[in-house]
Amino acid sequence: MSPPEFTLLFITVAIGSLLQVSIGFGLGLLAAPVIAIFDPSLTPVVVLLLATGVTTAVLVLEGGHLDLRGAGWALAGRVPGAVGGAALVAVLPARQLALLVAVVVLAGVAVSLRGFVPAPRRRSVLLAGLMSGLMGTATSIGGPPMAMVWQRLSGPRLRATMSGFFLAGSVMSLAVLAATGAVHTSSLWHTALLAPAAAIGVLLARPLASRLDMRRTRGVAMVLAVASATVLVVQQFV
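Reading the values: rules and limits
- Residues numbered from 1 in each chain as written.
- Predicted model: local features only at pLDDT ≥ 70, side-chain atom pairs only at ≥ 80, totals over all residues.
- Heavy atoms only, no water.
- Helix = DSSP H or I, 4+ residues; strand = E, 2+ residues; numbered from the N terminus.
- Buried < 20%, exposed > 50% of the residue type's maximum accessible area, 1.4 Å probe, protein only.
- Contact = heavy atoms within 4.5 Å.
- Areas by Shrake-Rupley, 256 points an atom, 1.4 Å probe, with all protein chains shown as cover.
- UniProt positions renumbered as here; feature names shortened; annotations may be inferred.
- Phe/Tyr/Trp six-rings, centres within 6.5 Å; stacked < 30°, edge-to-face > 60°.
- Expected span 1.5 Å × (residues − 1).
- Bend = angle between axes of the 7 residues up to and from the residue.
- Core = buried A, V, L, I, M, F, W, Y, C linked by side-chain atoms within 4.5 Å.

1. Overview of the overall build of the protein
Across its full length, the protein holds 10 helices and zero strands. The order of α-helices and β-strands along the protein, N terminus first, is α-α-α-α-α-α-α-α-α-α. Counting across all 238 residues of the protein, residues that qualify as buried make up 49%. Sequence separation of at least 24 residues holds for 83% of the intrachain contacts in the protein that already meet a minimum separation of 6. When the accessible surface of the protein is split by element, carbon and sulfur atoms take 69% of a total near 10700 Å².

Following this line, the structure appears as structure tokens:
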């Protein structure tokens, strides 16, 4: 990875981390396609490792608002999803995995734009957890299903519950991926290099929170994610 490529990735991780803290998701949506453009072998492990640190920080700040019952049902669905996602990582070649990342990003944005709001009942939370586990383990983008089913939650409760779910879910996904041999030294090294970017995003989120228009910020995140996914798709066929 060249210095300009790493600089772009560093900035992307910082912005994604800021969004993760501010609206409950965004790190995987932004960073995963950019990482896949430069080095598909680093997905999904690097983003999952970075997400573990960022969601831990959110829980330290807002853990008192965590909906343990809701997060618990979502995690029950995440278990089989994580196993299925690890199987995809094990059998898909790098090119197909990169295309899967792009498809998941575009599908997540499409669902968000349609404004579908399912009732957060036990069955829908379980199903969202299952899809999040499958998508999150295979591509590190597990936010859209949970953001969709929990979008009626208030700001602090949404961020805390999403972060509690993603912290436990990321650890779960990483354990399954490690068991299948998908966690490599290169992924750990790049995670260490990008950790300062994630920390910058977390530190900036607090002072900027009162100045951010959440609806507009979410829209910008969607546009950036679609642009990255489009470049990723084009790259696979050039």
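2. Remarks on the UniProt feature "transmembrane region" (unreviewed entry) in the protein
Mapped onto the present numbering, the UniProt feature "transmembrane region" (unreviewed entry) falls at residues 6–30, 42–61, 73–92, 99–119, 125–150, 162–182, 188–208 and 220–237. Counted over residues 125–150, helix gives 85% and strand 0%. Its end C-alpha atoms are 8 Å apart.

3. Things to note about the packing of aromatic side chains
A complete count under the given rule lists two aromatic pairs for this structure. Aromatic side chains Phe6 and Phe10 sit 6.1 Å apart centroid to centroid with 50° between the ring planes, which places their arrangement in the tilted category. Separated by four residues within a single helix, Phe6 and Phe10 lie in helix H1 (residues 3–23), roughly one turn from each other. Phe6 sits in the partly exposed class, given a relative accessible area of 23%. With a centroid separation of 5.2 Å and 65° between ring planes, the pair formed by Phe165 and Phe166 is classed as edge-to-face. The same class applies to Phe165 as to Phe166, namely buried.

4. As for the side chain of Thr52
In this structure, Thr52 sits in helix H3 (residues 45–62). Judged by its relative accessible area of 18%, Thr52 is buried. Beyond its immediate sequence surroundings of up to four residues, Thr52 is in contact with Leu167, Ser170, Val171 and Leu174.

5. Quick word on helix H4 (residues 68–91)
Taking 1.5 Å per residue as the helical rise, H4 with its 24 residues ought to reach 34 Å, and the 34 Å between its terminal C-alpha atoms agrees with that figure. Within H4, the axis deviates most sharply at Arg78, by approximately 30°, and proline Pro80 lies no more than four positions further along. Turning to H4, its buried residues number three or more, namely Gly70, Ala71, Ala74, Leu75, Gly77, Arg78, Gly81, Ala82, Gly85, Ala86 and Val89. Buried-residue contacts for H4 involve H3, helix H6 (122–139), helix H7 (143–149) and helix H8 (155–179).

6. Some remarks on unusual backbone geometry
In this structure, the amide linkage connecting Thr43 to the following residue, Pro44, adopts the cis form with an omega of 0°. Of note, Pro44 is situated in the loop between helix H2 (27–38) and H3.

7. A short note on the nonpolar core
Formed by 54 residues in total, the largest nonpolar core has its most connected members in Val13, Leu27, Met146, Trp150 and Met162. For this core, the element with the highest residue contribution is H2, accounting for nine residues. Sequence-distant contacts of Met146, that is, excluding residues within four places in its chain, are made with Ala74, Val125, Ala128, Gly129, Ser132, Met162, Phe165 and Phe166. Val45, Ala86, Val89 and Ala138 belong to the second-largest nonpolar core, a separate cluster that totals eight residues.

8. Section: H1
Taking 1.5 Å per residue as the helical rise, H1 with its 21 residues ought to reach 30 Å, and the 30 Å between its terminal C-alpha atoms agrees with that figure. Looking one or two residues past H1, Gly24 carries a phi angle of roughly 95°, positive in sign.

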